[in-house]
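What follows is the residue order along each chain.
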Amino acid sequence: MGTVFKPIVTRPIPPGAQVTERDGKRVARWSSARGGLRSAEVRTTPRGDCVVQESGKYLARYKDGQGVTQTVATDCRDEMAARAVLGELERRAELVRAGIVTPAQDAVADHKRTTITSHVEGYLASLQAKGTTPKHITTVGRLLRAVIAGCRFKTLADIRREPVERWLMSGVIAGRSARTRNTYVNALKWFCNWCVDSERLVASPVARIHRADENADRRRQPRALSENELVRLLDAARRRPLVQAMKFNRGWRKGQPGARIRPETRTKLAALGHERALIYKVLVLTGLRLGELASIRVCDVDLNGAAPHIELDARHEKNRQGSVIPLRHDLASDLRGWVGERAGTDLLFAVSPNLVKVLDRDLRLAGIEKRDDRNRTACVHSLRHTFATLLSRGGVAPRVAQEAMRHSSIDLTMSVYTDPKLLDVAGALSVLPELTLTVAALAQASHS
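Remember, predicted model here, so these are calculated numbers, not experimental data. (Residues numbered from 1 in each chain as written. Predicted model: local features only at pLDDT ≥ 70, side-chain atom pairs only at ≥ 80, totals over all residues. Heavy atoms only, no water.)

Enquirer: For this particular structure, what's the right way to read the sheet that holds strand S7 (residues 59-63)?
Expert: Within a sheet, each strand pairs with its neighbour through backbone hydrogen bonds, oriented either parallel or antiparallel. A sheet is described by the order of its strands in space; here three strands give the open sequence S1-S7-S8, paired in antiparallel fashion. The sheet is open, and its two borders are formed by strand S1 (3-5) and strand S8 (69-73), each paired with just one other strand. Each adjacent strand pair in this sheet contributes to an overall mean axis angle of 25 degrees, direction not counted. Relative to the sheet, helix H1 (residues 79-97) contacts S1, S7 and S8, its axis offset from that of S7 by approximately 20 degrees. (Pairing = 2+ DSSP bridges. Helix = DSSP H or I, 4+ residues; strand = E, 2+ residues; numbered from the N terminus. Axes fitted to C-alpha atoms, helices over the stretch in contact; angles between N-to-C directions. Contact = heavy atoms within 4.5 Å.)

Shown next, in the form of structure tokens:
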């Protein structure tokens, strides 16, 4: 038979309390926040002198379904309410002992009453233990907290399909793209799946939420750049740091060229432009993602062998497998001149965190439109799309192009990353046989 009780707790002596002797014991007296007079015995603890008081909330002590004595908080100040909680705990213990409910299912009931914040922190800690990148952990945490706050979930028991679907279709989220809405749903599904695996939920309550159709609602689709646009972009990237610095930034000549620059500043800006153009060139000729390029160190690049290449660490690759990225000899020559005497532990490039904005300015200087007639966007990821398109345009076999892109599906390489507008379809028709309708040709064909 269980019982409920208020435990004895020790707290620091309240400020302004008077400690006196009474019946051989030390007693503290003080005024509460509401003006009432309070008193309590004073005892010496490892933390120093503390007052001894009875807790305001009840604890419940009982034997669980496996016969282990448990003491749990009821969060109740009323004894009758605390005894009701104890009765529920004992009822669950009886179900476990009778084999109607498993211990795992009984533990789920305990997890459902705790705050959802503690479960989220446990999930993020689990991702960190698996070796997930800090950036991904931060992103997943942000998405999860947004869904939890928007749906007003307090505990795991509050998670249901209907509030999530209402939240996705209301407010600011309703105006977001299908892909953005899917990222929120995915984060919540991953979290609920982890709760099932860690025996915090019996089943995922959001498993049947349907994904939005991303193909029918694409807001920002990267486009591939033509060869002419690539040449102009690399030239603009190389020149823009110096061109921008030579413009007046104040006065009546603001924005006009002619500002004086010290020789050492000119050299520094020229090096910055060369690095930026080389970054674009590496992205176009290797298909590397921006995050992957930013992680490459000098020691990861082999430029002196017969087959120059980049060894991409699995920790920094999207599929976490690790790859060897071959380099063309002209690109290897450019990198060899760039590396120079740099230490092996140095990063290959100082990739700016604002490269998206930097590219936009380079596009403007090069006279390249941000969006084309199909409303596709020129962005940093366009350089990877350009890599795939140039491979297809050069006659590379689709399976080889898929391997170069490091895609799990050939459809992703051919349908998503290859821009059909830049393919030479008319030139491909030249491989077809010549079919003539003249009488002489028909007679010759019949005799043969």
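Enquirer: Which parts of the structure should I look at to understand helix H5 (residues 161-168)?
Expert: Side chains of residues three or four places apart in an α-helix project in the same direction, reflecting 3.6 residues per turn. For H5, the set of buried residues is Pro 163, Val 164, Trp 167 and Leu 168. Along the long axis of H5, the arc covered by the buried residues comes to 135 degrees, so they all point the same way. In this structure, the buried side of H5 is in contact with helix H4 (134-151), helix H6 (171-174) and helix H7 (178-197). (Buried < 20%, exposed > 50% of the residue type's maximum accessible area, 1.4 Å probe, protein only. Arc of directions from axis to C-beta.)

Enquirer: Hey, could you run me through the environment of Trp 252 in this one?
Expert: By the element assignment, Trp 252 lies in the loop between helix H8 (227-245) and helix H9 (263-286). Distance from Trp 252 to Ile 148, taken between C-alpha atoms, is 53 Å for residues 104 residues apart in sequence.

Enquirer: Hey, could you run me through the environment of Arg 176 in this one?
Expert: Of note, Arg 176 is situated in the loop between H6 and H7. We classify Arg 176 as partly exposed; its relative accessible area is 33%. In this structure the C-alpha to C-alpha distance between Arg 176 and Ala 401, which are 225 residues apart in sequence, comes to 33 Å. Discounting chain neighbours no more than four positions away, the residues touching Arg 176 are Arg 181, Tyr 184, Asp 217 and Arg 219.

Enquirer: Would you mind going over the pairing of strand S10 (residues 309-312) with me for this structure?
Expert: Looking along a regular strand, one sees the side chains alternate between the two faces of the sheet. Examined bridge by bridge, strand S9 (residues 301-302) and S10 share two bridges and lie antiparallel to one another. Bridging across to S10, Val 301 finds its partner in Ile 310. Taking the residues between adjacent antiparallel strands as the criterion, S9 and S10 are bridged by six residues. Relative to strand S11 (residues 323-326), S10 runs antiparallel, the two being bridged by four bridges. Following the sheet pairing, Glu 311 is matched in S11 by Val 324.

Enquirer: What am I meant to see in the pairing of strand S5 (residues 37-45) here?
Expert: Note that strand S4 (residues 25-31) and S5 share five bridges and pair antiparallel. What sits directly across from Val 27, in S5, is Glu 41. Note: S5 against strand S6 (residues 48-54), five bridges, orientation antiparallel. Bridging across to S6, Thr 44 finds its partner in Asp 49. Where S5 hands over to S6, the hairpin turn is made up of two residues, counted between the paired strands.

Enquirer: Quick question: what am I supposed to make of helix H12 (residues 355-366) here?
Expert: For H12, with 12 residues, the first-to-last C-alpha span of 16 Å sits near the 16 Å given by 1.5 Å per residue. All of the buried residues in H12 are Leu 355, Val 358, Leu 359, Asp 362, Leu 363 and Ala 366. End-on view of H12: buried residues confined to an arc of 140 degrees, all on one side of the axis. Exposed and oriented more than 90 degrees from the buried face of H12 are Lys 357 and Arg 364. Elements that come into contact with the buried residues of H12 comprise H8, H9 and helix H10 (290-295). Directly after H12, the chain includes Gly 367, whose backbone phi takes a positive value near 75 degrees. (Expected span 1.5 Å × (residues − 1).)

Enquirer: I tried to follow the packing of H8 against H12 on my own but got confused; where do I start?
Expert: A pair of packed helices is characterised by two quantities: the angle between their axes and the separation of those axes. Between H8 and H12, the shortest axis-to-axis distance is 8 Å and the interhelical angle comes to 110 degrees. It follows that H8 is roughly perpendicular to H12 by the angle criterion. The residues of H12 that touch H8, namely those facing Arg 232, Leu 233, Ala 236, Ala 237, Arg 239 and Arg 240, are Val 358, Leu 359, Arg 361, Asp 362, Leu 363, Leu 365 and Ala 366. In terms of residue class, the contact of H8 with H12 is built from eight nonpolar, no polar and five charged. (Parallel < 35°, antiparallel > 145°, perpendicular 65-115°, else oblique. Nonpolar A, V, L, I, M, F, W, Y, C, P; charged D, E, K, R; others polar.)

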